[in-house]
Amino acid sequence: EVQLVESGGGLVQPGGSLRLSCAASGSTNTKKCLAWFRQAPGKERERVASLESVTRRFRAVAYADSVKGRFAISQDTAKNMVYLQMNSLKPEDTGIYYCAAGDSDCLGAPSAYRYWGQGTQVTVSS
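Reading the values: the criteria
Residues numbered from 1 in each chain as written. Predicted model: local features only at pLDDT ≥ 70, side-chain atom pairs only at ≥ 80, totals over all residues. Heavy atoms only, no water. Helix = DSSP H or I, 4+ residues; strand = E, 2+ residues; numbered from the N terminus. Buried < 20%, exposed > 50% of the residue type's maximum accessible area, 1.4 Å probe, protein only. Polar contact = N/O pair within 3.5 Å; in protein donor to acceptor, adjacent residues only side chain to side chain. Contact = heavy atoms within 4.5 Å. Pairing = 2+ DSSP bridges. Axes fitted to C-alpha atoms, helices over the stretch in contact; angles between N-to-C directions. Phe/Tyr/Trp six-rings, centres within 6.5 Å; stacked < 30°, edge-to-face > 60°. Lys NZ or Arg CZ within 6 Å of the ring centre and 35° of its normal.

## Let's talk about the side chain of Thr-120
Structurally, Thr-120 can be placed in strand β11 (residues 120-124). On the basis of relative accessible area, Thr-120 is assigned to the buried category, the value being 11%. A polar contact of 3.2 Å, which involves the side chain of Thr-120, links it to the backbone nitrogen of Gly-9. Residue contacts for Thr-120: discarding those within four places in its chain leaves Glu-6, Ser-7, Gly-8, Gly-9, Leu-20, Gly-95, Ile-96 and Tyr-97.

The structure is reproduced here in structure tokens:
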């Protein structure tokens, strides 16, 4: 069983940066997929960034087109943490950000992920 707790959200001006953190109670190192999703008001939940275990040490990274070059997902296996560094934030990045883990299709729909955190609010506004 894996429990995920996000932190680091808040209010930031356009062009600013935030780093989201996801703390896992169980080991995420054995999970095939680690990802950050977000959900804006009135919109479907979308995958922002994901890490897919390819070998014991290597994870493939994937990003949504809307965040490529601005966001970076990373993992600290020793601390059992997953991070999302968000730079050059835009108002359209506003939403609740969720950390997720699973063993299915890492690039699939949210239903492919079994474990979810409670979410952290990110608001980009001047």
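## Notes on the sheet that holds strand β7 (residues 71-76)
Pairing is antiparallel in the open sheet, where 4 strands are placed in the order β1-β3-β8-β7. The sheet terminates laterally at β1 (4-7) and β7, the two strands that pair on one side only. Each adjacent strand pair in this sheet contributes to an overall mean axis angle of 15 degrees, direction not counted. Examined bridge by bridge, β7 and strand β8 (residues 81-86) share 6 bridges and lie antiparallel to one another. Each bridged residue has a counterpart across the sheet, and for Ile-73 the counterpart in β8 is Leu-84.

## Considerations on the packing of aromatic side chains
Within this structure, the stated rule accounts for 4 aromatic pairs. Their ring planes at 55 degrees and their centres at 4.9 Å tell us that Phe-37 and Trp-116 sit as a pair that is tilted. Residue Phe-37 is found in strand β4 (residues 33-39), and its partner Trp-116 is found in strand β10 (residues 115-116); the two are separated by 79 residues along the sequence. With centroids separated by 6.3 Å and ring planes inclined at 65 degrees, the aromatic side chains of Tyr-113 and Trp-116 adopt a geometry described as edge-to-face. Note on Trp-116: relative accessible area 26%, which makes it partly exposed. The structure contains a cluster of three or more aromatic residues connected by ring pairs, namely Phe-37, Tyr-98, Tyr-113 and Trp-116. Looking at Arg-19, its charged tip hangs above the ring of Tyr-83, at a distance of 4.1 Å from the centre. Sitting over the face of the ring of Tyr-98, Arg-45 holds its NZ or CZ atom 3.8 Å from the ring centroid.

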